[in-house]
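Chain by chain, the residues run as shown.
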Amino acid sequence: MWDYTDKVKEFFLNPKNIGEIDNPDAVGEVGSIICGDALRLTLKVDKETNRIIDARFQTFGCASAIASSSALTELIKGKTLDEALQISNQDIADFLGGLPKEKMHCSVMGREALEAAINNYKGIPTVVEEEGRVVCQCFNVTEEKIRKVAMENHLTTVDDITNYTKAGGGCGECKSEIEAILRDIWLIKKPEKLTKQKKLTNLQKIALIQEIIEKEIRPALQSDGGDIEIIDIEGNKVVIAMRGMCTGCVMSGVTIDSIQNKLREFVGEEITVEVQ
Amino acid sequence: MNTIYLDNNATTKVAPEVIEEMIPYLSIFYGNPSSMHTFGGQLLKKIEEAREKVALLIGADPEEIIFTSGGTESDNTAIFSAAELYPTKKHIITTRVEHPAVRNFCKHLARRGYRITFLPVNNQGQLNIDDLLKAIDDDTLLVSVMFANNEVGNIFPIQEIGEILRERHILFHTDAVQAVGKIPIDLKKLPVDMLSLSGHKLHAPKGIGVLYIRKGTRFFPYIRGGHQEKGRRAGTENVPSIIGLGKACELAIQNINIEYNYISKLRDKLETSLIKLCPDVRINGDPQNRLPNTTNLSFEYIEGEAILLRMNEYGICASSGSACTSGSLEPSHVLRAMGVPFTAIHGSIRFSLSRYNTEEEIDKVIEILPGIVNDLRLLSPFGRDRLIRKH
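Residues numbered from 1 in each chain as written. Chains lettered and ligands numbered in written order. Predicted model: local features only at pLDDT ≥ 70, side-chain atom pairs only at ≥ 80, totals over all residues. Heavy atoms only, no water.

Caption draft 1: Geometry of the pattern of salt bridges. For the structure shown, the criterion picks out 44 salt bridges over all chains. The partner of Lys215(A) in a salt bridge is Glu211(A), and the shortest N-O contact between them spans 3.4 Å. Here the residue Lys215(A) and the residue Glu211(A) both occupy positions in helix 10 (residues 202-223), the gap between them amounting to four residues, near one helical turn. Note on Lys215(A): relative accessible area 37%, which makes it partly exposed. On the accessibility criterion, Glu211(A) (28% relative accessible area) is partly exposed. Lys269(B) is the salt-bridge partner of Glu359(B), the closest N and O atoms lying 2.8 Å from each other. Taken together, the residues span a long stretch of sequence, with Glu359(B) in helix 12 (residues 359-379) and Lys269(B) in helix 8 (residues 239-277) at a distance of 90 residues. Where salt bridges share partners, they join Arg133(A), Glu143(A), Arg147(A), Glu177(A) and Asp184(A) into one cluster. (Salt bridge = Lys/Arg side-chain N within 4 Å of Asp/Glu carboxyl O. Helix = DSSP H or I, 4+ residues; strand = E, 2+ residues; numbered from the N terminus. Buried < 20%, exposed > 50% of the residue type's maximum accessible area, 1.4 Å probe, protein only.)

In structure tokens, the structure reads:
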């Protein structure tokens, strides 16, 4: 059984703002019964102020999909359309006290329905998902959506993408393609979450260094038969040892420089790397 | 709030008589049956008594019974043994609706170079014998077909399959975890070489199972170590659970026919009432040829996990083939193999009953569930009219 927060349970068992607004000013529909999740959001908007006076939802989906939809309506009521557009899927999840990571796609569905409804209000034609290049055939997820959700949520692994979009969660044949998209995204644009870090505590810094080494550095070294081990982290000094084919490699100086650059890029300019 | 437990294909309540029988072997008689002293050694006799009871339930000889840790180990062992004994043959036939204990072990072998044929089923979940005949070739070393399906309850034509395979001298294993104790099984008449059963599906504890191996069938052990189970399955015997399983089998022998009628009557009442009270419900599986305790229903336009959690608020326990109940995002492979439309798979609920369910409990579910279904349908953007408009 999923470990839902009390708030998820409350918003599932006693959802607020259910149903459909008569003569709505905006309608946002996302998902499908085939994929197992669908949300229809209707809005009443004050034309003078562009403020959302009422929001109602109809959801086909699990407990977290219903709770996320209801949470969305609570979050946007009373806000202007521009303010509402600032609400991210993470805000929806946070409002509910968090969602199991496998259920984050429910919050993404909420955010998508909101965008669709506001586009509908503004007369912007809805982008039909099928028109994009479909990467995941099982859940009909396009490359565009994978890129968008990955960038918005700083997702770096295929599992993350599956949790947030369902892509890759069916037959799994598209996983390598998702991996390629992620590699492409993060070569061009580094994860915002990582660069946006302001002042990190020591524990946060250590965790981040470990994460960067695990996700960004180790796979490349391992693919060449090498490896890296963290020996110690003291303040901004990261002491490492090279393993496998990296030990005694004539190019080790270059490798160590690139490790330091990577850590400086993602963790902080003050990081120095020393080899034991 | 009293729990109404309708998830007995997942696991069953341990029968009070079973617990009573086990207790002395958890406290007073805690010896190791392999010990030379009487304190431990006397337990061998109790193990043999339990073996006789298990054998009696399925029409086997006691020496054809190996105690294991459960259904999964029994299934894995059967397939492993066959593969080890016929190393020149690389083809295994099974079905698309097997339990993961068979399905995933076969997939594992596929990665080791084996060719696996997963036989399809029709929209009622039944096999076509012609498909089996076409699949068999000179390279086929084993056929593994479940006795009864865990999700929809379908009973497979084990007699017919066994006869076909016996003529062709091909090993036949059946995963009978869901069938044993629910329907009569007589291995004296059934041409089956290996059969798996699990204690916790028939009111014995979890962690105990059996692999039946017909006399004369070659066998290659999966777990090696000591000499227990005549060297066929090493590891100190799970004495209390073996004794508990023996008692559970004894109870099943005494009551199987009475329980069949009692449980199937309750199941039918639940099913017909829900179909009557909730529009747009479909039965998944073969309504005629199935276990007496199982019904799998799809409530269109709504999602299974939502139904389960609403029922949970009333203490009603069931399960679903919907994807949202698992981390995999993949809905039930059984319902997919049967070609159940996705619209229905998402809203599927399995009710599985036992001897401990009462008519009052079933009445309570009939009273509560239609309201839950109605509430969730009011929340849903779909409905018959809307779907027809959209497609």
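Now, onward.
Caption draft 2: Representation of helix 7 (residues 158-165) of chain A. Helix 7 of chain A sits mainly inside the fold: six of its eight residues count as buried. For helix 7 of chain A, every residue scored as buried is listed here: Val158(A), Ile161(A), Thr162(A), Asn163(A), Tyr164(A) and Thr165(A).

Caption draft 3: Broad picture of the packing of helix 1 (residues 6-13) of chain A against helix 2 (residues 63-76) of chain A. All names here are of chain A. Across the interface, helix 1 lies against helix 2 with an axial gap of 8 Å and an inter-helix angle of 85 degrees. Between helix 1 and helix 2, the angle falls in the class roughly perpendicular. Facing Val8, Phe11 and Phe12 of helix 1, the residues of helix 2 in contact are Ala63, Ser64, Ile66, Ala67, Ser70, Ala71 and Glu74. Grouping the constituent residues of the contact of helix 1 with helix 2 by class yields seven nonpolar, two polar and one charged. (Axes fitted to C-alpha atoms, helices over the stretch in contact; angles between N-to-C directions. Parallel < 35°, antiparallel > 145°, perpendicular 65-115°, else oblique. Contact = heavy atoms within 4.5 Å. Nonpolar A, V, L, I, M, F, W, Y, C, P; charged D, E, K, R; others polar.)

Caption draft 4: Layout of the nonpolar core. Membership of the largest hydrophobic core comes to 89 residues, with the highest contact counts inside it found for Ile76(A), Phe299(B), Met311(B), Phe351(B) and Leu369(B). Those residues in contact with Ile76(A), other than ones at most four positions away along the chain, are Leu41(A), Leu43(A), Ile52(A), Ala55(A), Ala84(A), Ile87(A) and Leu114(A). Core analysis: the second largest hydrophobic core is formed by 68 residues, Val143(B), Ile243(B), Ala248(B) and Ala337(B) among them. (Core = buried A, V, L, I, M, F, W, Y, C linked by side-chain atoms within 4.5 Å.)

Caption draft 5: Spotlight on empty space enclosed by the protein. All names here are of chain B. Tallied over the full model, the rule gives six cavities of 30 Å³ or more. Lining the largest cavity are 18 residues, and of these Gly181, Lys182, His203, Glu259 and Ile263 lie nearest its centre. Classifying every residue of the lining of the largest cavity by side-chain character gives eight nonpolar, six polar and four charged. (1 Å grid on protein atoms, 1.4 Å probe; cavity = no way out; pocket = protein on both sides within 12 Å on 5 of 7 lines; lining within 4 Å. Points joined across faces, edges and corners; volume = space filled by probe spheres on them.)

Caption draft 6: Expanded view of the sheet that holds strand 9 (residues 281-284) of chain B. Residues and elements named next belong to chain B. With respect to topology, four strands assemble into an open sheet ordered 9-10-13-12, the strand pairing being antiparallel. Edge positions in the sheet fall to strand 9 and strand 12 (319-320), since each has one partner strand and no second. One ladder, built from two bridges, connects strand 12 with strand 13 (residues 348-352); its direction is antiparallel. For Ser320, the partnering residue across the bridge sits in strand 13 and is Ile349. Across the face of the sheet, helix 9 (residues 304-312) comes into contact with strand 10 (294-299), strand 12 and strand 13 while running at roughly 45 degrees to strand 13. (Pairing = 2+ DSSP bridges.)

Caption draft 7: Up close: the pairing of strand 13 of chain B. Residue and element names in this part refer to chain B. The buried fraction of strand 13 is high, at five of five residues. With burial as the criterion, each face of strand 13 is covered, one bearing Ser348, Arg350 and Ser352 and the other bearing Ile349 and Phe351. By the bridge criterion, five bridges tie strand 10 to strand 13 in an arrangement that is antiparallel. Paired with Thr294 across the strands is Ser352, a residue of strand 13.

Caption draft 8: Region of interest: the interface of chain A and chain B. Across the boundary between the two partners, chain A contributes 34 residues, which contact 28 residues of chain B. Counting the surface lost from both chain A and chain B, the interface buries some 2400 Å², and carbon and sulfur atoms represent 68% of this. Applying the counting rule to chain A against chain B returns one salt bridge. The partner of Glu305(B) in a salt bridge is Lys103(A), and the shortest N-O contact between them spans 2.8 Å. The tally of links between chain A and chain B comes to seven residue pairs in polar contact (both at pLDDT 80 or more). Sorting the residues of the side of chain A that touches chain B by element identifies helix 1, strand 1 (26-32), strand 2 (37-46), strand 3 (51-60) and helix 2 of chain A as the ones contributing at least two each. Considering every element that reaches the side of chain A that touches chain B, the biggest residue donor is strand 3 of chain A, with four residues. Across the side of chain A that touches chain B, the residue classes tally to 18 nonpolar, 10 polar and six charged. (Buried area = accessible area lost by both parts, 1.4 Å probe. Polar contact = N/O pair within 3.5 Å; in protein donor to acceptor, adjacent residues only side chain to side chain.)

Caption draft 9: Examining the packing of aromatic side chains more closely. Taken as a whole and judged by the stated rule, the model has seven aromatic pairs over all chains. Centroid distance Tyr25(B) to Phe29(B): 5.4 Å. Interplanar angle 35 degrees. Geometry classified as tilted. An aromatic cluster is present here, built from Phe80(B), Phe105(B), Phe220(B) and Tyr222(B) joined pairwise through their rings. Just above the ring of Tyr356(B) sits the side chain of Lys13(B); from NZ or CZ to the centre is 4.7 Å. Just above the ring of Phe12(A) sits the side chain of Arg310(B); from NZ or CZ to the centre is 4.9 Å. (Phe/Tyr/Trp six-rings, centres within 6.5 Å; stacked < 30°, edge-to-face > 60°. Lys NZ or Arg CZ within 6 Å of the ring centre and 35° of its normal.)

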